[in-house]
Amino acid sequence: MVSRKWLANDMMYQIAVVGTGYVGLVAAVCFAEIGHHVTCLDVDGDKINLCKSGIAPFFEPGLQELLARGLEQGRLFFTTDVNQAYRDAAAIFIGVGTPEQPDGSADLSSIAKVARQIAENVKQDCLVIVKSTVPVGTNDKVEQFVRDFKKNGIRIEVASNPEFLAQGSAVHDTLQAARIVIGTSSRWAEDLLTDIYKPFGLPIVSVSRRSAEMIKYAANSFLALKISYMNDIANLCELVDADILDVAKGMSYDDRIGAKHLNAGIGYGGSCFPKDTKALEFLAKQHGYNLRTVKAAIDVNRDQKTILIRKASSRLITFSGLQIAALGLTFKPGTDDFRESAAIDNISFLLHEGAEVFAYDPVGTPNFQKLFPQGRHEAGNITYVTQPRDALKNAHACFIFTEWQQIKEITPQDYRQLMHTPLVFDGRNILSIKEMAKAQVEYYSIGRQRKG
Ligand code: UDX
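Residue positions within a chain follow its written sequence, with the count starting from 1. In keeping with the model being predicted, local features are shown solely for residues with a pLDDT of at least 70 and side-chain atom pairs are shown and tallied solely at 80 or more, while totals for entire chains, interfaces and linings include all residues. To get the side-chain values, take all heavy atoms of the structure and skip hydrogens and water.

J.: Explain the site of the ligand to me, please; I cannot follow it from the model alone.
T.: Taken together, 18 residues are adjacent to the ligand, and F164, Q167, H261, N263 and F331 come closest. A distance of 2.8 Å is found between an oxygen atom of the ligand and a backbone nitrogen or oxygen belonging to F164. In this structure, an oxygen atom belonging to the ligand sits 2.7 Å away from a side-chain N or O atom of H261. Compared with its free state, where it exposes 660 Å², the ligand has 91% of that area covered by protein. Broken down by element, the shell around the ligand gets its largest block of residues, three residues, from helix α10 (residues 209–240). Each residue is assigned to one class: nonpolar for Ala, Val, Leu, Ile, Met, Phe, Trp, Tyr, Cys and Pro, charged for Asp, Glu, Lys and Arg, and polar for all the others, Gly among them. Grouping the amino acids of the shell around the ligand by side-chain chemistry returns nine nonpolar, five polar and four charged. To be near a molecule or strand, a residue needs just one of its heavy atoms within 4 Å of it. N or O atoms closer than or at 3.5 Å make up a polar contact, with two conditions inside protein: a donor-capable atom paired with an acceptor-capable one, and, for residues adjacent in sequence, both atoms drawn from side chains. Here the accessible surface of atoms and residues is derived via Shrake-Rupley with a 1.4 Å probe, and residues count as covered only by protein chains that are part of the display. The numbering of helices and of strands both runs from the N terminus, where a helix is a DSSP run of H or I of at least 4 residues and a strand a run of E of at least 2.

J.: Can you help me understand the packing of aromatic side chains in this one?
T.: Working definition: rings of Phe, Tyr and Trp (its six-membered ring) pair if their centres are within 6.5 Å, and the pair is stacked with planes under 30 degrees apart, edge-to-face with planes over 60 apart, and tilted otherwise. Under the defined criterion, the tally for this structure stands at 13 aromatic pairs. Ring plane angle 75° and centroid distance 5.3 Å describe the contact between F338 and F368, whose orientation is recorded as edge-to-face. You can see F338 sitting in the loop between β9 (323–327) and α15 (342–352) and its partner F368 sitting in helix α16 (residues 365–371), a full 30 residues away along the chain. Side by side, F338 and F368 carry an identical accessibility label, which is buried. A centroid spacing of 5.2 Å and a plane angle of 20° characterise the contact between F399 and F425, whose relative ring orientation is stacked. Of this pair, F399 sits in strand β13 (residues 397–400) while F425 sits in strand β14 (residues 423–426), and the two are 26 residues apart along the sequence. Both residues of the pair, F399 and F425, count as buried. By way of ring pairs, the aromatic residues F31, F93, Y197 and F200 are connected into one cluster. Lysine and arginine charges are scored as sitting over a ring when NZ or CZ, respectively, is within 6 Å of the ring centre and within 35 degrees of the ring normal. The positively charged end of R179 is found above the aromatic ring belonging to F164, 3.6 Å away from the centroid. In this arrangement the basic side chain of K216 is found over the ring face of F164, its NZ or CZ atom lying 5.7 Å from the centre. Accessibility here uses a 1.4 Å probe with only protein chains present; expressed as a share of the type maximum, an area under 20% marks a residue as buried, one over 50% as exposed, and anything in between as partly exposed.

J.: I keep staring at the side chain of Q304 and nothing clicks. Help me out?
T.: Mapped onto the secondary structure, Q304 falls in helix α13 (residues 292–304). Classification of Q304 by relative accessible area gives buried; the value is 1%. Here the side chain of Q304 touches N235 through a polar contact of 3.0 Å, side chain to side chain. When near neighbours in sequence (up to four residues on either side) are disregarded, Q304 contacts N231, N235, G265, I266, G267, R310 and I446. Contacts between residues were defined by any pair of non-hydrogen atoms, one from each residue, lying within 4.5 Å.

J.: Sorry if this is basic, but what is going on with the domain arrangement of the protein here?
T.: In many reports, interface size means the accessible area that the parts give up when they come together. Residue ranges for the domains originate in an automatic or database domain assignment. On domain assignment, one finds that the protein holds domain 1 (14–207), domain 2 (216–303) and domain 3 (305–444). Here the C-alpha centre of domain 2 lies 30 Å away from the C-alpha centre of domain 1. Contacts between domain 1 and domain 2 engage 16 residues on the former and eleven residues on the latter. In this description, buried area is defined as the sum, over both parts, of the accessible area (probe of 1.4 Å) that is lost when the two are combined. Carbon and sulfur atoms make up 59% of the area that domain 1 and domain 2 hide from each other, which totals about 1,100 Å². Taken as a group, E100, G104 and T133 account for 38% of the area that domain 1 buries against domain 2, more than any other trio of residues on that side. A pairing counts as a salt bridge when a side-chain nitrogen of Lys or Arg comes within 4 Å of a carboxyl oxygen of Asp or Glu. When the shortest N-O distance is used, the salt bridge between K278 and E100 registers 3.0 Å. At the boundary of domain 1 and domain 2, one finds five residue pairs in polar contact (both at pLDDT 80 or more). Residue composition of the side of domain 1 that touches domain 2, by class: seven nonpolar, five polar and four charged.

J.: What exactly am I supposed to notice about the pattern of salt bridges here?
T.: Between side chains of opposite charge, a pair can form when the charged atoms approach closely. As enumerated under the stated definition, the model contains 23 salt bridges in all. When the shortest N-O distance is used, the salt bridge between D140 and R209 registers 2.9 Å. Here R209 lies in helix α10 and D140 lies in helix α7 (residues 138–149), a separation of 69 residues in the sequence. Note that R428 is salt-bridged to E403, the shortest N-O span being 3.5 Å. Of the two residues, R428 sits in the loop between β14 and α20 (433–438) while E403 sits in the loop between β13 and α18 (405–408), which places them 25 residues apart along the sequence. On the basis of relative accessible area, R428 is assigned to the buried category, the value being 19%. You can call E403 partly exposed: its relative accessible area is 24%. Each of D140, E143, R147, R209 and R210 takes part in salt bridges that share partners, so that together they form one network.

Now the structure itself:
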């Protein structure tokens, strides 16, 4: 939690945050937590009403608590009314979505809509800060756009402030961020943004707007590349009978490499890495440059997502009529988000092939059910269970897609005793090869030595 000693001396601001998704809402509650007055604006009335009543619209550790405190202490407000949100705001943070388009580019229509709304409604000098991930050069365009639509002589500038929070630790990642990146084009904007962030007591990297925009894409693509590199090495480890867990451990002690994001598995998912790598590759292509490293990361990841199906296909003659346990539906533990999760591709394949899928996730089921409602799909069928072991009862095979603690707690003996055929395909390397062999469970994982 942030140190309260800052509050007495620091200047507090009226802030508006547009978009109450992961980026916007987390930023808003954290700004309120350190003492600013924050009004959140969203077009979704239901979401705003939920927030107003103190209920976070998505699962994120610590969010609920901060939301409640902000409301209670009168520093956090929610509205669908543009005028109420922008009135008196010294800074307006934009945190709306920039979804991927079919060609891999980022869809900027929501940003443009908000920029125009700001230009047409703001009546005092203010700084507009783009938190959403946007292609390099977007901030320049947003500023020009605002100026084109602005009616009065007020000063509106645009700054870039990319977000580095990871889902599942978003509040922590904001309050205790490794760094805050700000990209500005004037001293006024730099000073204002530095002032707003001062109470966090974190390192601030102040650069140009274009560099700030690039830092976000470069950082995310680097992490995606790191994971794809480990997946590539894991696949090679299998061929030469080396063990990726030992290889990663040996690499991690070198602090030029570091221990984080070094886990091989069934590929990266989520709302950032898949989208941002593709957007960066698209940006490069637009400028006539072939960004081979990032392209390679994307290619490796696409193949990695179906690696368990390939392993299972060479072991089983068919999936049709087989009872399959699917453990973990979200793209990683600690979130109810299943965007680009490995479970989507794999379950969709299994259903197409006629499998009877029994799926378990501790928090992601309601969201996942929107995509695959319980019941028949193509030749197969999906049933959701609330206990991980219920998915295993009488199963002919089990697939592990997410390393939730509840799934890690299933023992080799459980697999042996509950399943019809103890056959496990583990996309997250959470089980011991030795223990599984001892319990007489046939076990396949990613990049591990055969004997364990
Ligand atoms: C990521 C970045 O971490 C964050 O800084 C950025 O702002 C947004 O994107 P997030 O997508 O929430 O955050 O999750 P992250 O923990 O980075 O994991 C992304 C994906 O990579 C998950 O599917 C995860 O399972 C996978 N992953 C992660 C691995 O396969 N191996 C690893 O070692 C780490």
